[in-house]
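Spelled out, the chains give:
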Amino acid sequence: AALVAEIVWLYLRGARPTWGRAAADGRLDESVFVVTPHHVQRVAVLRAIEERQIPLQHVEVATVEKMQGQERDLVVACYAGLDMRRER
């Protein structure tokens, strides 16, 4: 989740219009969608984004079902992984 927040922060900090609707009017490409397969992961990413103090008006974090049919300047696909440090 922290890595996703870092990617989003770096993108929003330095994004420049290169194509699409933002390039047409010279705006910053600043709409980001982070797609996660699970609700628990969505919550973790949202917490990491808030901790990084990223404005939520530019970022939507949701599952793939919510993303379908939408368009963003950047889409980050965040998949679950296994934390080997976690005790069973």
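Criteria and thresholds
Residues numbered from 1 in each chain as written. Predicted model: local features only at pLDDT ≥ 70, side-chain atom pairs only at ≥ 80, totals over all residues. Heavy atoms only, no water. Helix = DSSP H or I, 4+ residues; strand = E, 2+ residues; numbered from the N terminus. Expected span 1.5 Å × (residues − 1). Buried < 20%, exposed > 50% of the residue type's maximum accessible area, 1.4 Å probe, protein only. Arc of directions from axis to C-beta. Contact = heavy atoms within 4.5 Å. Polar contact = N/O pair within 3.5 Å; in protein donor to acceptor, adjacent residues only side chain to side chain. Phe/Tyr/Trp six-rings, centres within 6.5 Å; stacked < 30°, edge-to-face > 60°. Lys NZ or Arg CZ within 6 Å of the ring centre and 35° of its normal.

A. Structural detail: helix H3 (residues 39–51). In a regular helix each residue adds 1.5 Å, so 13 residues correspond to 18 Å; H3 covers 18 Å between its end C-alpha atoms and thus fits that length. Residues of H3 that are buried: Gln41, Val45, Leu46, Ala48 and Ile49. For H3, the buried positions fall inside an angular range of 165° around the axis, keeping them on one side. Residues of H3 that are exposed and point over 90 degrees away from its buried face: His39, Val40, Arg47 and Glu51. Each element contacted by the buried residues of H3 is listed here: helix H1 (2–14), strand E1 (32–36) and strand E2 (59–63). Where H3 ends, the next residue or the one after it, Gln53, has phi of about 60°, a positive value.

B. How the structure looks around the side chain of Thr63. In this fold, Thr63 is placed in strand E2. Within the structure, the side chain of Thr63 is placed 3.1 Å from the side chain of Glu65, a separation counted as a polar contact. Beyond its immediate sequence surroundings of up to four residues, Thr63 is in contact with Phe33, Val35, Thr36, Pro37 and His38.

C. Examining the packing of aromatic side chains more closely. Enumeration over the complete set of coordinates arrives at zero aromatic pairs. Just above the ring of Trp9 sits the side chain of Arg52; from NZ or CZ to the centre is 3.9 Å.

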